[in-house]
Amino acid sequence: MKKITALLLALVMVFALCACGGNSGSKIDTDKADFKVGFICLHDENSTYDLNFINAAKAACENLGLSEDQYIIKTNIPEGQECYNAAADLADAGCSVVFADSFGHEDYMIQAAKEFPEVQFCHATGTKAHTEGLDNYHNAFASIYEGRFLAGVAAGMKLNEMIDNGEITAEEALIGYVGAFTYAEVISGYTSFFLGARYMCPSATMKVTFTGSWYDEAAEKEAANKLISDGCVLISQHADSMGAPTACEKAGVPDVSYNGSTVDACPNTFIVSSRIDWTPYYEMVIKAVMNGEALDADWTGTLATGSVVLTDVNEAVAAAGTADKIAEVKAALEAGEIKVFDTATFTVGGKTLDSYKADVDTDADYTADTEVISDGAFNESVFRSAPYFDIQIDGITLLDQNFG
């Protein structure tokens, strides 16, 4: 009788495992087949920024075993009431979690979170989740300043090569940078890139111009051309089109792009690119929502979580040894031996900073509220996920400040 009972129990367990898909690993269970996820993107696949999010969304859903009818991606959603409408549509369509990818989407995602308390709303690059106090609204970002620092290392090595080859003098190691807006996110990005370049090439200086748009191919191309005509011998960007890279390819000027490789379109000038890989975050959130687990107000991905990545180095353009040097500096960053915003590596008005209050708890007047320097470094993305480094350091010249 005991043997029969044991056999019956074993058979029940086998059938139960089969019904649940066996040892499913990270795949979803069959009882989650009606689970849906929504994604809101500012632009479409033509934007390198949005393409990066779209690729991550599809990868995360595939990795978790979600079918194509279990996720909805809405593209070309402006930073206005259209975002709320899109979020509400996704909630009405049965999505349990909705993601949005652009800074200006935030207020409309918060509006949707208040309207649909049973749905989780997650917003990349936003700043208000930790002060809104909503259980279903969350911000996320990553320590991309580390990725930009590493890309800057590649840029500095290229500048050194140009100096060694007699193409430029040390004083002519001038970088151009095409920025979108004067937000802290952009300032943090171009400053970390510059510090990475200076880590290798101490004589480097930089000029930054702004387009007033995240995606404007004509304006970004024009900005890059202007920087090149002003004597910039290497270009990088925090803008989302191919405008700057294609301008560099036409002019034969080395380029460090952002959010993905441009080597196919720009084989003679592309060096490397850094980007945030959103796949780990998407997977983490989707699993948590499926399991009914609470989410933190802020989440910051890192090199260690696989959220900050670099493309392969284009050996045809990069200085010799670039990939090895990047790997060396990356290891030092992960070990804490190098800090991107080490206050000993930059000055402001000729002075070293030993104290700085940043606007972490965002308000209409951008009031400084939190001390962010300790142990000799500016602690970026510690007190919230989105960047708050907004300091203008020596060595960087802003050509205009009309956008912010």
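Residues numbered from 1 in each chain as written. Predicted model: local features only at pLDDT ≥ 70, side-chain atom pairs only at ≥ 80, totals over all residues. Heavy atoms only, no water.

*Asks:* For the packing of aromatic side chains, give the residues involved together with the corresponding values.
*Replies:* Two numbers describe a pair of aromatic rings. These are the distance of the centres and the angle of the planes. Summed over all chains, the structure comprises 25 aromatic pairs. A ring pair is formed by F39 and F99, whose centres lie 5.2 Å apart and whose planes are at 10 degrees; its orientation type is stacked. With F39 in strand β1 (residues 36-40) and F99 in strand β3 (residues 95-100), this pair connects stretches of sequence that are 60 residues apart. According to the relative accessible area criterion, F39 is buried, its value standing at 3%. (Phe/Tyr/Trp six-rings, centres within 6.5 Å; stacked < 30°, edge-to-face > 60°. Helix = DSSP H or I, 4+ residues; strand = E, 2+ residues; numbered from the N terminus. Buried < 20%, exposed > 50% of the residue type's maximum accessible area, 1.4 Å probe, protein only.)

*Asks:* Could you give an account of the environment of A364, with specific residues and numbers?
*Replies:* Relative to the helices and strands, A364 is located in the loop between β13 (357-358) and β14 (370-371). Overall, A364 belongs to the exposed group, its relative accessible area being 73%. Through-space distance from the C-alpha of A364 to that of E82 is 23 Å; in sequence the pair is 282 residues apart.

*Asks:* I'd like a rundown of the state of the cysteines, residues and numbers included.
*Replies:* Per the stated rule, a full pass over the model turns up 0 disulfides. Free of any disulfide, C83 has its nearest cysteine sulfur in C41, 11 Å distant. The closest cysteine sulfur to the non-disulfide-bonded C122 is located on C95, 12 Å from its own sulfur. Look at C122 and you get buried, because its relative accessible area is 1%. (Disulfide = S-S within 2.5 Å.)

*Asks:* Would you mind going over the packing of helix α2 (residues 48-63) against helix α10 (residues 279-290) in detail, with residue names and values included?
*Replies:* Put simply, α2 and α10 touch, their axes get as near as 8 Å, and they point 45 degrees apart. Judged on the interaxial angle alone, α10 and α2 are oblique. Considering how the two elements wind past one another, α2 and α10 form a crossing that is right-handed. Judged by residue contacts, F53, A56, A57, A59, A60 and N63 of α2 engage T279, Y282 and E283 from α10. Among the residues forming the contact of α2 with α10, the class breakdown is 6 nonpolar, 2 polar and 1 charged. (Axes fitted to C-alpha atoms, helices over the stretch in contact; angles between N-to-C directions. Parallel < 35°, antiparallel > 145°, perpendicular 65-115°, else oblique. Left-handed = near helix turned anticlockwise from the far one by under 90°. Contact = heavy atoms within 4.5 Å. Nonpolar A, V, L, I, M, F, W, Y, C, P; charged D, E, K, R; others polar.)

*Asks:* Could you give an account of the side chain of Q237, with specific residues and numbers?
*Replies:* Note on placement: Q237 falls in strand β8 (residues 234-238). Residue Q237 is classed as buried on the basis of its relative accessible area, which comes to 2%.

*Asks:* Would you mind going over the pattern of salt bridges in detail, with residue names and values included?
*Replies:* As a working rule, side chains carrying opposite charge can pair if their charged atoms are close by. Tallying each qualifying case throughout the model produces 5 salt bridges. Here E161 ties to K158 by a salt bridge, and the two come within 2.8 Å at their closest N and O atoms. Of this pair, E161 and K158 both sit in helix α6 (residues 144-164), 3 residues apart, which is roughly one turn of that helix. As a salt-bridge pair, E328 and K325 come within 3.2 Å of each other at their nearest N and O atoms. With a gap of 3 residues between them, E328 and K325 both fall in helix α11 (residues 322-334), about one helical turn apart. (Salt bridge = Lys/Arg side-chain N within 4 Å of Asp/Glu carboxyl O.)

*Asks:* Run through the sheet that holds strand β2 (residues 71-74), naming residues and quoting values.
*Replies:* Taking strand neighbours across the sheet as the criterion, the 6 strands line up as β2-β1-β3-β4-β5-β11 in an open arrangement whose pairing is parallel. Both outer strands of the open sheet, β2 and β11 (298-301), are each paired with one neighbouring strand and no more. Within the sheet, the average angular offset between the axes of one strand and its neighbour, ignoring direction, is 20 degrees. Pairing of strand β4 (residues 120-124) with strand β5 (residues 137-142), which is carried by 4 bridges, proceeds in the parallel orientation. Across the sheet, residue C122 finds its bridge partner in β5, namely H138. (Pairing = 2+ DSSP bridges.)

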